[in-house]
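Each chain is listed here by its residues.
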Amino acid sequence: MSGPARPALPQPRGPVSDAVIHALRRRPHAFRSPWVEDLDLLTSDDAQLALACCYELHYVSFQGVDDDWEWSPDLLALRRRLERAFVRRLVEEVGVPASIKDADVLPSLNEITTRDGGVSLSRYMVEDGTVDQFREFCVHRSEYQRKEADPHTWMIPRLRGRAKAAAVTIQYDEYGEGQADAMHAELFGVTMRTLGLDSTYGAYRDVLPAATLATGNLVTMFGLHRRWRAACVGHLALFEMTSVGPMTRYSEALARFGVEAPGRHFYDVHVEADAWHEQIAQSELVAGFLEHEPGNGGTLLFGAHALMEVERRLSEYLLDAWSNGRSSLLAPLAHRSAA
Ligand SMILES: [Fe+2]
Ligand SMILES: [Fe+2]
C-alpha cells in the first residue's frame, strides 16, 4: 500500500456506494452486491460514486485500500452490473450503435461538432460567468483533468498500425512530451492553485454530483474495455475536435478575471495543441482505426455521441444551479479568494 499519496475514501451516498466503500475499508473478501438495476446511472449520485470507486482502484486508489481489491471477482461483478445499467441509459439517450459505412464516419463526426448542443458552458463563462463559478467549474473538471489522458491510454495496446501511432502521438503531448511539469494534468493543477483551489488528486470527489462523475466514468469504461475500443477512439477524436473553441473562451474568461498567463497556461496550451490533435485524430486515429477494423464506425460514433450526452447534461446541471443562485457542487466551496 505504499506509493504516491492517495485520496481518502469518499463518503457513501446510498446503499450501493455504501456497500463498496464499506467493503474497501477491509481486506478483500467475498461480499454480496446490492441491487442496482433500478438506478438511473445518468442521475444517481449513489451509483455513479460506486462506479467511480470501482474504477479508481485502477488509477491511484484510496488511502488504506488493499491493491488486491482491483481484481476482486465480487467487486468486478458489481462493476459489470453498474456498467450495464450505464450503457443501457446511454443507449436510451443516443441510440444503439448503428451500422454505418466507413466512408461516412468522419463526415458524421464533423456533423456532431457543428450541431447545436444546446447550452454552451464556455460561452456562458466568457460572457457572464463569475470567478467563483469558474472555481466550481474547475472542481468539476478536476475529476478528469487531474488524470488527463490516462483513460484513453488504456486503448493503445488494443490499436494497431496508424491508429496506435496516432494515439501515442497525441498522448505524448498530453503527457508533456516527457516533461513532468508540462503534463496537462499538472498544468491544470497550476490553474487550480492559482484560483485558490486544492489541486491534490481526488480532493473534491465528495462534492461532485453524478453528472460530473459520469463524464469521468464514461471514458474510463471505454478505456478499460476492449469491446469499447472503437467508442474510445470516437471519444478521443471528438474530444480533440471540440476543444479549441471552448479552451480559447476559458482562457479569455480567466483573463477577464485578472488571472495572469501562468494560471491560463493549461487552456492556452490546448488551443495550440488541439488544433493539431484534431487533425491527427481524424486523418490518422479514426481513418487508421477504420482501415484496420472496418465496420466498427457505429460503435466509434456511439462513443462520440455518449461524450456529447454526458457533457450536455453536465453543462445543463451547472447552468441550472447557477441560474437559480445555487452552488453546482454538493457542498459549496468554503474558500473564496480573489483570483
Ligand atoms: Fe490535454
Ligand atoms: Fe489534446
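Q: Please explain the domain arrangement of the protein as it appears in this structure.
A: Interface size, as often reported, equals the accessible area lost upon joining of the parts. We note that the domain assignment places domain 1 (15-93) and domain 2 (99-323) within the protein. Here the C-alpha centre of domain 2 lies 24 Å away from the C-alpha centre of domain 1. Listed as interface residues are 23 residues of domain 1 and, on the opposing side, 22 residues of domain 2. A combined buried area of about 2000 Å² lies between domain 1 and domain 2, and 68% of that area is made up of carbon and sulfur atoms. Applying the counting rule to domain 1 against domain 2 returns 2 salt bridges. Between R313 and E93 there is a salt bridge whose closest N-O contact spans 3.5 Å. Our count for the contact surface shared by domain 1 and domain 2 stands at 7 residue pairs in polar contact (both at pLDDT 80 or more).

Q: Honestly, the nonpolar core in this entry has me stumped. Any pointers?
A: Looking at soluble globular proteins, one finds that nonpolar side chains tend to be buried together. Membership of the largest hydrophobic core comes to 97 residues, with the highest contact counts inside it found for L24, L109, F134, F137 and Y267. Two domains each put at least three residues into this core: domain 1 (15-93) and domain 2 (99-323). In this structure, L109 is in contact with G234, A237, L238, M241, V286, L300, L301 and A304, ignoring residues within four places of it in sequence.

Q: Where do I start with the coordination of the iron ion (ligand 2) in this structure?
A: Reference values for angles at a metal are 109.5 degrees in the four-donor tetrahedral case and 90 or 180 degrees in the six-donor octahedral case. The coordination sphere of the iron ion (ligand 2), as far as protein atoms go, consists of E174 (OE), E240 (OE), E240 (OE), D274 (OD) and H277 (ND1), spread over 2.1 to 2.6 Å. For the iron ion (ligand 2), all donor residues lie on one chain, and their spacing in sequence is E-x65-E-x33-D-x2-H. In this structure, the iron ion (ligand 2) lies 4.1 Å from the iron ion (ligand 1), and both are coordinated by E174. Of this pair, D274 and H277 both sit in helix 13 (residues 261-292), 3 residues apart, which is roughly one turn of the helix. Take D274: its relative accessible area is 2%, and that puts it in the buried class. With relative accessibility at 0%, the residue H277 sits in the buried group.

Q: Explanation requested: the coordination of the iron ion (ligand 1) in the structure shown.
A: Taken together, E148 (OE), E174 (OE), H184 (ND1) and H270 (NE2) make up the full set of protein donors to the iron ion (ligand 1), lying 1.8 to 2.1 Å away. Around the iron ion (ligand 1), the 4 donor atoms are arranged such that angles at the metal cover 82 to 166°; this shape is classified as irregular. Each donor residue of the iron ion (ligand 1) belongs to the same chain, and together they define the spacing E-x25-E-x9-H-x85-H. Overall, the relative accessible area of 5% leaves E148 in the buried class.

Rules behind the numbers
Residues numbered from 1 in each chain as written. Chains lettered and ligands numbered in written order. Predicted model: local features only at pLDDT ≥ 70, side-chain atom pairs only at ≥ 80, totals over all residues. Heavy atoms only, no water. Domains from an automatic or database assignment. Contact = heavy atoms within 4.5 Å. Buried area = accessible area lost by both parts, 1.4 Å probe. Salt bridge = Lys/Arg side-chain N within 4 Å of Asp/Glu carboxyl O. Polar contact = N/O pair within 3.5 Å; in protein donor to acceptor, adjacent residues only side chain to side chain. Core = buried A, V, L, I, M, F, W, Y, C linked by side-chain atoms within 4.5 Å. Buried < 20%, exposed > 50% of the residue type's maximum accessible area, 1.4 Å probe, protein only. Donors = N, O, S within 2.8 Å, 3.2 Å for Na, K, Ca; no water. Helix = DSSP H or I, 4+ residues; strand = E, 2+ residues; numbered from the N terminus. Tetrahedral: all angles 85-135°; square planar, octahedral: opposite > 155°, others 65-115°.

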